[in-house]
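Reading the structure
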Amino acid sequence: MNNTLFNFKLKKINILILAIINLFSFNGVKAEEILRIGAIPDQNPEKLNRLYGVLVTELEKQLNIKVIYKPVINYAAAVTAFRTGNLDLVWFGGLTGVQARLQTKGSNVLIQRDIDKNFHSVFIANKNSSLKKINNINGLKSLKDKRFVFGSESSTSGRLMPQYFLNKAGVQIKDFKGGVPGFSGSHDATLLLVQSGSYEAGALNEQVWESNIKSGRVDKSKVFVMWKTPPYYDYHWLAQGNLDKKFRRGFTKELQEVFISFNKKSKNQKKILELFGAKKFILSKNENYKKIEQIAREIGKIK
């Protein structure tokens, strides 16, 4: 082989090697050194992108690593991305977190907000319906034969816990008008569907209801809260079990400490807490979600 041909082939091989390196890198950072975070899409994408943009910046600063936010199209996609290892740290609701953890060996609940140990759903109704405010769970019987909408099929506060309380009141899915409920896909959408009169009633998480009141999106002349559920554990950060190996010894604990340290003295941290609707983050553990797992098995969301 002459030198010209040899040098040409060598150049092509070098180009191929460089392309492969770039494929597994991100701005000079190896793919395995990137913390990939995600979240269930329970609210509008614009708010989520704003929230996670600020969070990514803060985590990079505090942990001195590259962090990227990878949006997913629905709740099931978030669980799948975590199970397959495409996401390292995910903000899950109670149900999706349990589903993902049971499917991913070694994964652990790390952090939750202060409000997540006493979370609530609200049942809302359109004022043009015949529905009234109720004082206890038995009043949910008034929802029989009504057009009712949940959020996502895998939402803890928009489906799982509302269905649990409905069942306790003797109301089954088949009891709604037409024999089936609607599924809006998100808490924001549930609110708008009930407010517009497309459905007579629905269930969503209390935090989203309150934030929409503050933003002026709730028209109180059209929609009202029928009932607020008893408290339960909900949202949390679920982490892969290999983060110490992927980054450095003690990294998982560092990650927990960073979240716990967030406070309103820092401009960015204050914004993160406000967007999450929390005063602070606190430690959490797998055991906190045993009740969610039990209920999910009862209604067939976990086999």
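To keep things clear, this report deals only with the structure shown in the data block.

Calculation rules
- Residues numbered from 1 in each chain as written.
- Predicted model: local features only at pLDDT ≥ 70, side-chain atom pairs only at ≥ 80, totals over all residues.
- Heavy atoms only, no water.
- Helix = DSSP H or I, 4+ residues; strand = E, 2+ residues; numbered from the N terminus.
- Buried < 20%, exposed > 50% of the residue type's maximum accessible area, 1.4 Å probe, protein only.
- Contact = heavy atoms within 4.5 Å.
- Pairing = 2+ DSSP bridges.
- Axes fitted to C-alpha atoms, helices over the stretch in contact; angles between N-to-C directions.

1. Here we look at the overall build of the protein
Looking only at helices and strands, the protein features eleven helices and 13 strands. For the protein, buried positions account for 50% of its 303 residues. In the protein, 78% of the contacts between residues at least 6 apart in sequence involve partners at least 24 apart.

2. As for the sheet that holds strand S9 (residues 182-183)
Read from one edge of the open sheet, five strands run S9-S8-S10-S7-S11, paired in mixed fashion. Sheet topology places S9 and strand S11 (223-228) at the edges, where each strand pairs with a single neighbour. Sheet strands touched by helix H5 (residues 156-168): strand S7 (121-126), strand S8 (148-150), S9, strand S10 (201-205) and S11. Its angle to S8, the strand with the most contacts, is close to 130 degrees. In the packing of helix H7 (residues 206-215) onto the sheet, the strands contacted are S7, S10 and S11, and the crossing angle to S10 comes to about 95 degrees.

3. Some points on the sheet that holds strand S12 (residues 236-239)
The strand order across the open sheet formed by six strands is S4-S3-S5-S12-S6-S13, and the pairing between neighbours is mixed. Across the chains shown, the open sheet's two edge strands, defined by having one partner strand only, are strand S4 (66-69) and strand S13 (281-283). The sheet shows a mean angle of 25 degrees between the axes of neighbouring strands, direction not considered. Looking at chain direction, strand S5 (residues 89-92) and S12 are connected through four bridges and run antiparallel. Across the sheet, the residue bridging to Leu89 is Ala239, located in S12.

4. Points about the pairing of S10
For S10, the tally of buried residues reaches five of five residues, placing the bulk of the element in the interior. Across the two faces of S10 the burial is the same, with Ala201, Ala203 and Asn205 and Gly202 and Leu204 all buried. Here S7 pairs with S10 via five bridges, running antiparallel. Within S10, the position partnered with Phe123 by the bridge is Ala203. In this sheet, S10 lies alongside S8 in parallel orientation, the contact comprising two bridges. In the sheet register, Val149 faces S10, and the bridge partner there is Gly202.

Just distances and angles here, no functional claims.
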